[in-house]
Amino acid sequence: MKLPDCREMQALDSAAINDFHIPGIVLMENAGLGTVRMIENHCGSCEGTFAIIFIGPGNNGGDGLVIGRHLHQRGCLPIFFFLVPPETLKGNAAVNLRIVQKLNLPFHLINRCSLVEKVPALIERSRKTNRPCCAVIDAIFGIGLKREVESHFAAAIRLINRRDFSGTSTVVAVDTPSGLDSNTGKPLGTCVKADFTATYCCAKPGHFVHGGSPWTGQLEVIDIGIPPETVRHADIRTELLTGKTFKQISSNLPRKKTCHKGDHGHLLILAGSAGKTGAAILAARGGLRSGAGLVSVFAPSNLTSIYEISLIEAMTISLPQSRDFFLLDDLESIMENMAGKEALIVGPGLGTDKSTIELVLHLYHQATCPLILDADAINCLALSIDHLGPPAGPRILTPHPGELSRLINRSTENVQNNRIESAVEACNLFKNPDHDIIMVLKGAGTLITTSGGYTFINRSGNPGMAAAGMGDVLSGVIGALICQGMSVCSGSNAGVFLHGCAGDALYRQSGHGYTATELADRIPLALKELLHR
């Protein structure tokens, strides 16, 4: 599912109007009518009720006027509260204003905070007519909002969120909740907390960036008549990962009856150190459970027995110079063992000793196979950012927000408030014309950003995955899928989605408290379910 940002959505509107000669007022009519149908589907008949509609400037306010008119057609009494003088509306919004005025529908101007305070008293008069309120409709700001919400606009949003003034608990947002940055999902000062959001033509990135906006409520995409060809051919840079996406990119995963382990790749893992061997074990478990034909784990010599006891299905490669953590002295042995392997995971539990950092840098620059760089490997790169040259092969980095903040010198809070922008910036930092760079920014609504400028937002996953070791398992899942023939982009997308689906199954079963080991063990069944949907 494509997720156009504000600029891209405006381009879709323009293409429908200019290239297909669909009048803008037709799109507005379809938007308003579709929203009313959504309200009826979820709230029942509106006949004999009243609706409270907050009208802002621009086309979002125009959509609200269309909604009110169609509610009136159905025997509902719409009461409009204008946050701007009605005469300031322009274009298609002004056309719909004139229709509403001809119908003599009730409206009030609330363009000062003191007037917003009077809204509950005005509503009380309607409640005395024995009409129940069917919905409060937020048509204040649309997807173009980029400034902080202030003054009487903020007061109106706070009133909507009180919910005790209308006699209904149902709040419907038009296109996007007012106050929500539709690109980033960040509230701009204050934001309407909707029960339902009717968004037009396509959902927007801000509805999903943090794993599903808490402000959006139940999201419904309304077809407003923009031709599908317009969306299909548009250069929209953000997309939602769904089960349908997974199936499209994983067509090579079903196995032939005659296959053998050599057909499904050999995954190498360079991870773990004294006290952190669990990270390497979890990465290997993720790789094994996701279908890699063979998995081998590099081990500092003092730790080899731990891996051999814990990972009976994996092989270990003991490195004689490294004792409790990895040293640059073993680079030659590591490079020799990489011959013929499909992917290498570097980083979980690795540590940041000076010699380890040098080893990571050499592998980043010299390894020709895809590298999945996680955890301490990312910290090693962040500590050496001025010494990075072009990589010898594709690179996938899988940071959490704190690790990404160290890569691009932003605060973690800034990264979280601007997740897409931050992931794109980090990806551009490593961008290379010869090899793909993928940035996987973990967290609610994990992002996968490519060096080609495209971002994918994951829809699977849940709060139960906020636990130790989940990222280690993810690196193994991604590595295994690449070993089985997926590209680094498809493998990253499919790995993130599959990992989240395995967690979702456990969350439905037991709530939070499940472990990374349990999640890894749930992956085969999650994969089977996804492939046979």
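Residues numbered from 1 in each chain as written. Predicted model: local features only at pLDDT ≥ 70, side-chain atom pairs only at ≥ 80, totals over all residues. Heavy atoms only, no water.

Visitor: Quick question: what am I supposed to make of helix α19 (residues 488-510) here?
Guide: For the α-helix, the turn length of 3.6 residues means that residues three or four positions removed from each other point alike. Spanning 23 residues, α19 covers 33 Å between terminal C-alpha atoms, matching the ideal 33 Å at 1.5 Å per step. In terms of burial, α19 is a largely internal element, 18 of the 23 residues being buried. A positive backbone phi angle near 75° is found at G511, which sits one or two residues after α19. (Helix = DSSP H or I, 4+ residues; strand = E, 2+ residues; numbered from the N terminus. Expected span 1.5 Å × (residues − 1). Buried < 20%, exposed > 50% of the residue type's maximum accessible area, 1.4 Å probe, protein only.)

Visitor: Any chance you could explain the pairing of strand β2 (residues 77-82) here in plain terms?
Guide: Both faces of the sheet carry side chains from a regular strand, because those side chains alternate between them. A large share of β2 lies buried, amounting to 5 of its 6 residues. Here strand β1 (residues 50-55) runs beside β2; their pairing, made up of 6 bridges, is parallel. When the sheet's bridge partners are listed, F54 is paired in β2 with F81. The parallel pair β1 and β2, bridged by helix α3 (residues 58-73), forms a crossover whose chirality is right-handed. Relative to strand β3 (residues 107-109), β2 is paired through 3 bridges, and the arrangement is parallel. (Pairing = 2+ DSSP bridges. Right-handed = clockwise from strand over helix to strand, strands pointing away.)

Visitor: Help me out: how do you make sense of the nonpolar core in this one?
Guide: It is characteristic of soluble globular proteins that their nonpolar side chains tend to be buried jointly. Residues I52, F54, L71, F81, I137 and I140 are the most contacted members of the largest nonpolar core, which totals 74 residues. Among the elements that line this core, the one with the most residues is helix α7 (residues 151-162), at 7 residues. Discounting residues that sit within four places of it in the chain, F81 has contacts with I52, I53, F54, I55, H108, I110, V119, L122 and I123. Among the nonpolar cores identified, the runner-up in size contains 55 residues, and I396, M470, A480 and A516 belong to it. (Core = buried A, V, L, I, M, F, W, Y, C linked by side-chain atoms within 4.5 Å. Contact = heavy atoms within 4.5 Å.)

Visitor: Before we go on, may I ask you to explain the pattern of salt bridges in this structure?
Guide: If the charged atoms of two oppositely charged side chains come close together, the side chains can form a pair. Per the counting criterion, the structure on display carries 14 salt bridges. In this structure, the salt-bridge partner of R162 is D164, at a minimum N-O distance of 3.1 Å. On the basis of relative accessible area, R162 is assigned to the partly exposed category, the value being 48%. A salt bridge links R237 to D235, with the nearest nitrogen and oxygen atoms 3.1 Å apart. By relative accessible area, which is 31% here, R237 ends up partly exposed. Residue classification places D235 among the partly exposed residues on the basis of a relative accessible area of 44%. Several salt bridges converge on common partners, so that one network encompasses R285, R289 and D521. (Salt bridge = Lys/Arg side-chain N within 4 Å of Asp/Glu carboxyl O.)

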